[in-house]
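Below are the chains, spelled out letter by letter.
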Amino acid sequence: MHQRLHDSTPNGLTSFLIRIRWLSLLVVAIVTAVAANQLPNLQIDNSNEAFFRSGDDTKKRLDKFKETFGNDDFVFVLIDLEDVFSAPTLKRVGELADRLEFETPHLLEMTWIGNVESIEGVPGGIVIDDLIPNLDLPQVELNQIADKAVSDPLYRDRLVSADRRTAGILLEFENYPELGIDPRKDVPPVVWEIIGDFSDLETHVVGGPIMDYETDMRTALEAPRWMSFALLGMTVMLFLTTRSFTGVLVPALTVVLSVIWTMGIVAYIGFTLNLFVILVPTLLLCVGIGDAMHVVAEFRQGLNEGLSRRAALSHTLSLVTGPILLTTITTAAGFLAFLATDLVPLRELGIQAAIGVWVALLLTFIFAVPLLSFGKSGVATEKPAEPKRDVFDGLLSLLTAFTLRVPVLIAFVFALAIGAAFYGFSIVKIETNTIQDLPEDYPMRVAFEYVDQQMGGSMSLELVAETGKEGGIKDIAVMRDLEALQAFLETHAYVTQTSSVVDQIKQMHRAVYENNPDYYRLPEKSSQIAEYLLLYESGGGSQLEKYVSFAYDSARIQARTKSITLAEVQQLEADVEAFVAANISSADIKTTGTLSLMSGLGELIKVGQGQSFALAFIAIALIMVITLRSISLGLIAMVPNVLPVLFALGAMGLLGFQLNMVGLVLAPMILGVAVDDTVHFFVRYRRYFDQFGSYETAYRETMRTVGRPLLFTTMVLILGFMGFTFTIYDGPRNFAISSSIAFTSALLAEFLLAPVLLRWLKPLGRERTSIAQPALAAT
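Residues numbered from 1 in each chain as written. Predicted model: local features only at pLDDT ≥ 70, side-chain atom pairs only at ≥ 80, totals over all residues. Heavy atoms only, no water.

Digging into the sheet that holds strand β9 (residues 495-500)
Okay, step 1: The strand order β9-β10-β8-β11 describes an open sheet built from four strands, whose pairing is antiparallel. Each edge of the sheet is formed by a strand with only one pairing partner; in this case those strands are β9 and β11 (588-592). With strand direction ignored, the average angle separating the axes of adjacent strands in the sheet is 25 degrees.
Okay, step 2: Of the pairings in the sheet, the one linking strand β8 (residues 459-466) to strand β10 (residues 554-561) comprises eight bridges and is antiparallel in character. Note on β10: the bridge partner recorded for S460 is R560.
Okay, step 3: Sheet strands touched by helix α19 (residues 594-628): β8, β10 and β11. Its angle to β8, the strand with the most contacts, is close to 95 degrees. (Pairing = 2+ DSSP bridges. Helix = DSSP H or I, 4+ residues; strand = E, 2+ residues; numbered from the N terminus. Axes fitted to C-alpha atoms, helices over the stretch in contact; angles between N-to-C directions. Contact = heavy atoms within 4.5 Å.)

Structure follows, in structure tokens:
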């Protein structure tokens, strides 16, 4: 049995916290009520634009595009029918189109086969009118229009399928007002309500607003599930590991209050929630519980060793105050490393999570410690009962003996694992397409893929041609370059269709020559371009402003695509860039729009992952070196922090997981969380080496005293993070699995590899065998 030499008299901090415990609990109750009152003000914003800083080049290109050509957002409603051009069917679809046109908020234009623009040459001039000017036309005339529509590439597979069995309604939007958060949220509920009144029609709805709204709704639905499961799992694990009511209640209540306080602060500051920040409550449950668990574990150990309640609290605070303060600093530093990335929501996540870990520390002292002070005071005993050993003690003893017996084998196994992890990391793929993150049978993914198959694709890449001079678009050389680029795009594997001002010019040229299809081409002279544009506008044409700027110095090409992956988007952009460099000289071509945002996000993820991890590593390494008062010991202490990151990313590659926006938080988060256990392990190890002068004894004593709480906190972390598996999205599920692998490997690296490295490298100097051994020393 280990002799107790520690002082049983409460220290100043303990006495102070006990003296003001009722006041502390009152303050906690008041602040909790105020914070809870702020929670209804939280709002979710998962729009793509919300991820970029105002000065980002990708966002600047999109903002300029919107100023010139308007909003690139669209909603596409696809309707399955027996025959689109059957008179009764056409009228029914027309009713739906009218409702959507007059009731959808922020709508700029609604287009369907009934009102799509038609340019026809007639004796004495040109007529620009709706393709179907009157839905009451006889069926014979409707069939004639149908033949024209399905034979014209401007209509076929854009608004009507070649087999006449599918119709499309395209909703395009004005630039959203700057007031409010993500005004596109106003669109989907209205669209769904209208479609609900047409239950006799089989519809499929896609588009950016639909996808963002669905993501917001699923996020709001799943986040409470993640938190509830995490809390339930931690409660069960706390009971299994502590076997006491106090051991469950105090840490659980402390961490729940820290979540309420943090989210209340977030709401008060005005931060919005997104797919990153919605992780914060569950992250705080898992990360914040460590402080309270260490306090409870040391407190109960003091009671088991015969100390009175106040003396046990005093002894506990003397042991853990320094380490949990240090773990708070290092964990906050890990999260604040997200400030190194340019992704706005990730920067906000770093700030909010850092606030959360400090709140958890504060509540540990002003809530957990006062709670533990209540109860029978007890009297210190000279011969406390020997604590009962359980399965956890047996496991720790086996791990200790195994590590001391086969250090070479441990090093060899870790070396193999590191090699496998490097290979896995090399094959990790980045993905930012939310559709690819959904199960194949999920309704929204089914709708997007159905539209991809039936009607021209569900996404678009925008290209802007800038001539740099007023009227430059009217130059025939520019038009021919645009035509060449458009032709290239239409032959590309990822592009389903294109549209630009070239289409209007070709239609005008054909109409001038009595609708002769042979004249569906560009004219020969620049003067004809100018004449056609003037004739088009004076004749009532309404589509020009969507494709050319007011000064005719720039033009837009829209390339519709299927729901393609990030790698395919980047390949498409690279192919366009190569084609432009080799063939286009009359204008400067830039890509923008939704797919370009996806590409930009992918680049920010790739760069941000490395930057945030590097910053977190440097900050935490400096803190460890200063705290442990040894450069070599501080660097060895980083091994159990760095390896889990490598193992998690390597596992992602080996398991076929994709690194998406949620996965971006993985590396710095693991580093920030794993360092918690590392601090407790190495601080205690240093203390025992200074006391006993033996690496083996220091290891044994460290495992005996802090091994159990480290094992418990890791088990709680893993079970808590597994709450993220209750989702339809691959991203959070893969995040949970990868994090669990990281936390497990972090614990094994601390328990197995770190002691081997410490014994081999001897960063604390030579052993001093004359110092008293633990059988006669303090615990």
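After that view, the rundown keeps rolling.
Let's talk about a nonpolar patch on the surface
Okay, step 1: On the surface, L23, L26, V27, I30, V31 and V34 cluster together to form a nonpolar patch covering roughly 500 Å² of accessible area.
Okay, step 2: Mapping V34 onto the fold places it in helix α2 (residues 21-38). (Patch = residues over 30% accessible without salt bridge, like charges linked within 9 Å, V, L, I, M, F, W, Y side chains within 5 Å. Areas by Shrake-Rupley, 256 points an atom, 1.4 Å probe, with all protein chains shown as cover. Salt bridge = Lys/Arg side-chain N within 4 Å of Asp/Glu carboxyl O.)

What about unusual backbone geometry?
Okay, step 1: Positive phi outside glycine occurs at R164, with the angle close to 65 degrees.
Okay, step 2: The backbone phi angle of K762 is positive, close to 50 degrees, even though this residue is not glycine.
Okay, step 3: Tracing the chain through its elements places K762 in the segment after α23 (730-761).

Points about the domain arrangement of the chain
For an interface, size is often stated in terms of accessible area lost upon the parts coming together.
Okay, step 1: Annotation of the chain at the domain level lists domain 1 (1-41 + 244-374), domain 2 (68-213), domain 3 (393-426 + 594-779) and domain 4 (448-592).
Okay, step 2: A separation of 21 Å is found between the C-alpha centroids of domain 2 and domain 4.
Okay, step 3: In this complex, domain 2 contributes 30 residues to the contact, which on the side of domain 4 involves 39 residues.
Okay, step 4: In total, domain 2 and domain 4 occlude about 2,900 Å² of area from one another, counting both sides; carbon and sulfur atoms represent 59% of this.
Okay, step 5: For the domain 2 face of the interface with domain 4, the top three residues by lost area are F69, I119 and R158, together amounting to 24%.
Okay, step 6: Linking domain 2 with domain 4 are three salt bridges, by the criterion used here.
Okay, step 7: When the shortest N-O distance is used, the salt bridge between D152 and R510 registers 3.5 Å.
Okay, step 8: Linking domain 2 with domain 4 are 11 residue pairs in polar contact (both at pLDDT 80 or more).
Okay, step 9: Among the elements of the structure, α3 (57-69), β1 (74-80), β3 (117-122), β4 (125-130), β5 (166-173) and β6 (202-207) are those that each provide at least two residues to the side of domain 2 that touches domain 4. (Domains from an automatic or database assignment. Buried area = accessible area lost by both parts, 1.4 Å probe. Polar contact = N/O pair within 3.5 Å; in protein donor to acceptor, adjacent residues only side chain to side chain.)

Re helix α12 (residues 391-405)
Residue pairs three or four apart in sequence face the same way in an α-helix, which turns once every 3.6 residues.
Okay, step 1: The terminal C-alpha atoms of α12, which comprises 15 residues, lie 21 Å apart, in line with the 21 Å expected from a rise of 1.5 Å per residue.
Okay, step 2: Listed as buried for α12 are F392, D393, L396, L399, T400, T403 and L404. The buried residues of α12 occupy an angular sector of 125 degrees when the element is viewed end-on, so they sit on one face. Along α12, the residues that are exposed and aim more than 90 degrees away from the buried face are V391, L398 and R405.
Okay, step 3: Looking at the buried residues of α12, the elements they touch are α7 (208-242), α13 (407-426), α22 (695-721) and α23. (Expected span 1.5 Å × (residues − 1). Buried < 20%, exposed > 50% of the residue type's maximum accessible area, 1.4 Å probe, protein only. Arc of directions from axis to C-beta.)

Examining helix α14 (residues 443-454)
Okay, step 1: Counted at 1.5 Å a residue, the expected span for α14 with its 12 residues is 16 Å, and the 16 Å between its end C-alpha atoms agrees.
Okay, step 2: Within α14, burial applies to M444, R445, A447, F448, V451 and D452. Along the axis of α14, the buried positions cluster into a sector of 160 degrees, meaning they face one direction only. Summarising the geometry of α14, the exposed residues directed more than 90 degrees from the buried face are P443 and Q453.
Okay, step 3: Where α14 is buried, its residues contact β1, β6, α7 and β10.

Focus: the sheet that holds strand β2 (residues 107-111)
Okay, step 1: Across the sheet, which stays open at both edges, the four strands sit in the order β2-β5-β1-β6 with antiparallel pairing between neighbours. Each end of this open sheet is capped by a strand with a single partner; those strands are β2 and β6. Strand-to-strand, the axes of this sheet are offset by a mean angle of 15 degrees, without reference to chain direction.
Okay, step 2: Packed on one face of the sheet, helix α6 (residues 187-196) meets β1, β5 and β6 and runs near 170 degrees to β6.
Okay, step 3: Packed on one face of the sheet, α7 meets β1, β5 and β6 and runs near 90 degrees to β6.

Observations concerning the nonpolar core
Okay, step 1: Grouped together as the largest cluster of nonpolar side chains are 110 residues, with contacts concentrated most on M669, F682 and F751.
Okay, step 2: A total of 14 residues in this core trace back to one element, the largest contributor, which is helix α21 (residues 666-692).
Okay, step 3: Residue assignment places this core across two domains, with domain 1 (1-41 + 244-374) and domain 3 (393-426 + 594-779) each supplying three or more.
Okay, step 4: Aside from chain neighbours lying at most four places away, what touches M669 is L283, F335, F338, F721, F735, S739 and F743. (Core = buried A, V, L, I, M, F, W, Y, C linked by side-chain atoms within 4.5 Å.)

Some thoughts on the packing of aromatic side chains
Okay, step 1: Enumeration according to the criterion identifies 17 aromatic pairs in this entry.
Okay, step 2: With centroids separated by 5.5 Å and ring planes inclined at 65 degrees, the aromatic side chains of F681 and F682 adopt a geometry described as edge-to-face. Here F681 and F682 have matching classes, each one buried.
Okay, step 3: Judged by centre distance (5.9 Å) and plane angle (40 degrees), the ring pair of F721 and F735 falls under tilted. A residue pair is termed long-range when its members are at least 10 positions apart, and F721 in helix α22 and F735 in helix α23 qualify at 14 residues.
Okay, step 4: What makes F721 buried here is its relative accessible area of 0%.
Okay, step 5: A relative accessible area of 2% places F735 in the buried class. (Phe/Tyr/Trp six-rings, centres within 6.5 Å; stacked < 30°, edge-to-face > 60°.)

Quick word on the pairing of β1
Okay, step 1: Counting buried residues along β1, seven of its seven residues qualify, which places the element largely inside the surrounding structure.
Okay, step 2: Both faces of β1 are covered, namely the face carrying F74, F76, L78 and D80 and the face carrying V75, V77 and I79.
Okay, step 3: Bridge analysis of β1 against β5 gives seven bridges, and the strand direction is antiparallel. Bridge pairing in β5 links V75 to L171.
Okay, step 4: Bridge analysis of β1 against β6 gives six bridges, and the strand direction is antiparallel. In the strand pairing of β6, F76 is matched with V206.

Notes on the environment of R405
Okay, step 1: If you trace the backbone, R405 turns up in helix α12.
Okay, step 2: Judged by its relative accessible area of 61%, R405 is exposed.
Okay, step 3: R405 sits 160 residues away from F245 along the chain, and the two C-alpha atoms are 38 Å apart.

So, the side chain of T104
Okay, step 1: Within the secondary structure, T104 sits in the loop between α4 (87-103) and β2.
Okay, step 2: Among the polar contacts made by the side chain of T104, one reaches the main-chain carbonyl oxygen of L100 at a distance of 2.6 Å.

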